[in-house]
Amino acid sequence: MLLTSPVTFTIAELWLLSSLIKHEVQENERWKFPPASRELVEEVMLAILACEDGALDEFTLELSEGDCLVINYNVAPDNKTPEGAVGKYILLKVYRALSRLSY
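Residues numbered from 1 in each chain as written. Predicted model: local features only at pLDDT ≥ 70, side-chain atom pairs only at ≥ 80, totals over all residues. Heavy atoms only, no water.

Focus: the pattern of salt bridges
Here is step 1: Summed over all chains, the structure comprises two salt bridges.
Here is step 2: With a shortest N-O distance of 2.5 Å, lysine 93 and glutamate 13 are connected by a salt bridge. Linking lysine 93 in helix H4 (residues 87–102) with glutamate 13 in helix H1 (residues 11–20), this pair joins segments that are 80 residues apart in sequence.
Here is step 3: Relative accessible area serves as the criterion here: at 6%, glutamate 13 is assigned to the buried category.
Here is step 4: One salt bridge connects glutamate 42 with arginine 38, and the closest N-O pair in it is separated by 3.0 Å. Taken together, the positions of glutamate 42 and arginine 38, both in helix H2 (residues 38–54) and four residues apart, correspond to about one turn of that helix. (Salt bridge = Lys/Arg side-chain N within 4 Å of Asp/Glu carboxyl O. Helix = DSSP H or I, 4+ residues; strand = E, 2+ residues; numbered from the N terminus. Buried < 20%, exposed > 50% of the residue type's maximum accessible area, 1.4 Å probe, protein only.)

Written out as structure tokens, the structure reads:
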């Protein structure tokens, strides 16, 4: 059974994740935790659609350890969007999720 932790992202944060998270990387099979995830890309896309179609301001994703590591690898603390998403706040959410998953 894969352990997950709920993490709530704003729509602006989801758009930032969408721009940074990739579905594949070269030599993906050589990584223990590849810095890309097709499943995470799909979850972020579905969350964005749910927010846009349902006029939601945020959405909760169930993140695995691998998902958290993909986000940690691709998001820099100084990433910013015009809508106000800041990488630092995404990373703090992910660090808290990793902390919950480690216990």
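Structure's up, so let's keep going.
Quick word on the environment of leucine 61
Here is step 1: Turning to its location among the elements, leucine 61 is positioned in strand E2 (residues 58–63).
Here is step 2: Remark: the alpha-carbon pair of leucine 61 and valine 7, spanning 54 residues in sequence, is separated by 5.4 Å.
Here is step 3: Apart from residues lying up to four places away in sequence, leucine 61 is in contact with Ser5, Pro6, Val7, Phe9, Leu14, Glu43, Val44 and Ala47. (Contact = heavy atoms within 4.5 Å.)

Some remarks on helix H3 (residues 65–74)
Here is step 1: Buried within H3 are the following residues: Gly66, Asp67, Cys68, Val70 and Ile71.
Here is step 2: Looking at the buried side of H3, the elements it contacts are strand E1 (5–10), H1, H2, E2 and H4.

Topic: the pairing of E1
Here is step 1: Judged by which residues are buried, E1 turns out to be one-sided: Ser5, Val7 and Phe9 face inward and are buried, whereas Pro6, Thr8 and Thr10, on the alternate face, are not.
Here is step 2: For E1 and E2, the ladder comprises six bridges, and the chain directions are antiparallel. Looking at E2, one finds that valine 7 is bridged to leucine 61. (Pairing = 2+ DSSP bridges.)

Notes on the packing of H1 against H2
Here is step 1: Direction vectors running N to C along H1 and H2 enclose 145°, while the axes themselves pass 10 Å from each other. Every pair of crossing elements has a handedness; the one defined by H1 and H2 is left-handed. When H1 is examined against H2, the residues Ile11, Leu14, Trp15, Leu17 and Ser18 are found in contact with a partner set consisting of Val44, Ala47, Ile48, Cys51 and Glu52.
Here is step 2: For the contact of H1 with H2, the residue count by class is eight nonpolar, one polar and one charged. (Axes fitted to C-alpha atoms, helices over the stretch in contact; angles between N-to-C directions. Left-handed = near helix turned anticlockwise from the far one by under 90°. Nonpolar A, V, L, I, M, F, W, Y, C, P; charged D, E, K, R; others polar.)

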